[in-house]
Amino acid sequence: MTDEVEIPAVDSVSGSGVPIRGNDIDTDQIIPARFMKVVTFDGLGEFAFFDLRFDDDDTQKEHPFNEARYQDSSVMVVNSNFGCGSSREHAPQALMRWGIDAIIGESFAEIFAGNCLALGIPTVTADSETIADLQDWVDANPDGELEIDIEAEAVTYGDQTIDVTVDDAQRKALVEGVWDTTALMKSNADAVRDTARALPYVDDAAIPDAE
């Protein structure tokens, strides 16, 4: 008998923010390729933005992820085309393991946003002026709370509430708790096996038995 797997709904996320300014920050900047030679994703968080944070001799550069005031932040505020470049899933994995639960930005690379969704990390968007104002507020209020309402497509901070956009499919998956496709397949393993057995081109020997 297959165990039921409960996937939590993500209808809201709250936490203090960290501003990451700059357009076209690609996945190699988020997690350099040399740190991807790992068996698991555990420990990737310490290498997030590594080459933007450290010189060749490991001396710290100026970067929000190095600042003490942002060490407990969980909502990242970014600019345009964030997560572009290669499709490496290590990028959102590294951010999640650093402590990021949600990202607000002008726009995101489609594959990066999809990889974030697979981890239950919302990627919500707003126009450039709204994002610039939000980044400035976070910079001035590093302990300030940001509250993202996924279903209502709104972000509240300070005494303001701003409209944001959440992709329809992402919003549905997060709010209904169906964002973890691996867990969904595991919880419906019997149905998956039945479907596989009904396919004429799938050999029965290739279908794993229930655990």
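First things first, this report covers the structure right here in the doc. Note that the structure is a prediction, hence the values are computed from the model and not measured.

Concerning the side chain of N115
Here is step 1 of the chain: As for its position among the elements, N115 is in helix α4 (residues 110–117).
Here is step 2 of the chain: Only 3.1 Å separates the side chain of N115 from the backbone oxygen of S87, close enough to count as a polar contact.
Here is step 3 of the chain: Other than its neighbours up to four places away in sequence, N115 contacts S87, R88, E89 and P92.

What about helix α6 (residues 168–175)?
Here is step 1 of the chain: Along α6, the residues classified as buried are Q170, A173 and L174. Buried positions in α6, seen along its axis, are confined to an arc of 95° and lie on one side of it.
Here is step 2 of the chain: Its buried side turned inward, α6 meets α4 and β4 (123–125).
Here is step 3 of the chain: Two or three places before A169, at the start of α6, stands the capping residue D167, its side-chain oxygen 3.1 Å from that residue's backbone nitrogen.
Here is step 4 of the chain: Downstream of α6 by one or two residues, G177 has phi in the positive range, about 70°.

As for the environment of V18
Here is step 1 of the chain: Note on placement: V18 falls in strand β1 (residues 12–19).
Here is step 2 of the chain: Classification of V18 as buried rests on a relative accessible area of 0%.
Here is step 3 of the chain: Considering only alpha carbons, one finds V18 and M76, 58 residues apart in sequence, at a separation of 4.9 Å.
Here is step 4 of the chain: If we skip the residues at most four places from it in the chain, V18 touches P64, F65, Y70, S73, V75, M76, V77, I100 and V138.

How each quantity is defined
- Residues numbered from 1 in each chain as written.
- Predicted model: local features only at pLDDT ≥ 70, side-chain atom pairs only at ≥ 80, totals over all residues.
- Heavy atoms only, no water.
- Helix = DSSP H or I, 4+ residues; strand = E, 2+ residues; numbered from the N terminus.
- Polar contact = N/O pair within 3.5 Å; in protein donor to acceptor, adjacent residues only side chain to side chain.
- Contact = heavy atoms within 4.5 Å.
- Buried < 20%, exposed > 50% of the residue type's maximum accessible area, 1.4 Å probe, protein only.
- Arc of directions from axis to C-beta.

Shape descriptors only; they carry no functional weight alone.
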